[in-house]
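Now for the letters of each chain:
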Amino acid sequence: MSESPIRKLRDDGAPNAVLQPAGWPRPKGFANGILARGEMVFVGGMIGQDGQGRFAEGFAAQMKLALENIAAVLAEAGAAPEHIVRLTWYVRDMDEYLSSLTALGAAYREVMGRHFPAMAVVEVARLVEPLARLEIEATAVLPA
C-alpha cells in the first residue's frame, strides 16, 4: 500500500503543507495553496497602526506593522505567523505596492520569516481609516 499524499506533504515537520501542482512554476512570495488541519483562527483586517493609534510612515512600514498586529492577535490563540494559511491584502494603490516590493520583502521576512501562505492582493478605492495605505486579513490553522 502506498503512502498517503497528505502524509508525504507533511513529512518536513511544518504545521501545514504547500500545495504545488507538478509542472507549475513556483510562485514568488506566496503559495498556490496550503493543506491544513486543526483549529482555525480568523484575523480581521489589520492596518499599520500601533496601540496608541499612530500610523507607521510609508507603505512598507505600514505593512510590517499590520503583520506584527496579526502576529499579536495570533499569539492570543497560541498561534504564530507560521500557522497562517492565507493572507488577503487590500491596498489603496497597486503601483505603490509594486514599486515597494524590495522593501516589502525585507519587512515581510522580519515578521513572517520564509513562510509564504496562499495570498491575494487587491486594489481598493478606500479603506475605513484614511491614513491606512493597506489592510491585511489572515487565516491561520493550529495543528490538530
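Here, every reference points to the structure presented above.
Right, let's walk through the structure included here. Every value quoted in this text rests on a predicted model; they were computed, and no experiment measured them. (Residues numbered from 1 in each chain as written. Predicted model: local features only at pLDDT ≥ 70, side-chain atom pairs only at ≥ 80, totals over all residues. Heavy atoms only, no water.)

**A closer look at the side chain of T139**
Moving on, step 1. Among the secondary structure elements, T139 is positioned in strand β6 (residues 134-143).
Moving on, step 2. Among residues more than four places away in sequence, those in contact with T139 are M40, V41, F42, H83, I84, V85 and R86. (Helix = DSSP H or I, 4+ residues; strand = E, 2+ residues; numbered from the N terminus. Contact = heavy atoms within 4.5 Å.)

**Examining the packing of aromatic side chains**
Moving on, step 1. Evaluated as defined, the whole model comprises 3 aromatic pairs.
Moving on, step 2. Seen in terms of ring centroids, F59 and Y97 are 6.4 Å apart; in terms of plane orientation they differ by 75 degrees. Their pairing is edge-to-face. Remark: Y97 occurs in helix α3 (residues 94-99) and F59 occurs in helix α2 (residues 59-76); sequence separation between them is 38 residues.
Moving on, step 3. The exposure class assigned to Y97 is buried, which follows from its relative accessible area of 12%. (Phe/Tyr/Trp six-rings, centres within 6.5 Å; stacked < 30°, edge-to-face > 60°. Buried < 20%, exposed > 50% of the residue type's maximum accessible area, 1.4 Å probe, protein only.)

**Brief notes about the nonpolar core**
Moving on, step 1. M63, L67, I70, L74, L87, W89 and I136 are the most contacted members of the largest nonpolar core, which totals 25 residues.
Moving on, step 2. The set of elements that each furnish at least two residues to this core consists of β3 (38-46), α2, β4 (84-91), α4 (101-112) and β6.
Moving on, step 3. The biggest single contributor to this core is α2, with 7 residues.
Moving on, step 4. When neighbours within four sequence positions are excluded, M63 is seen to be in contact with W89, L104, A107, Y108, L134 and I136. (Core = buried A, V, L, I, M, F, W, Y, C linked by side-chain atoms within 4.5 Å.)

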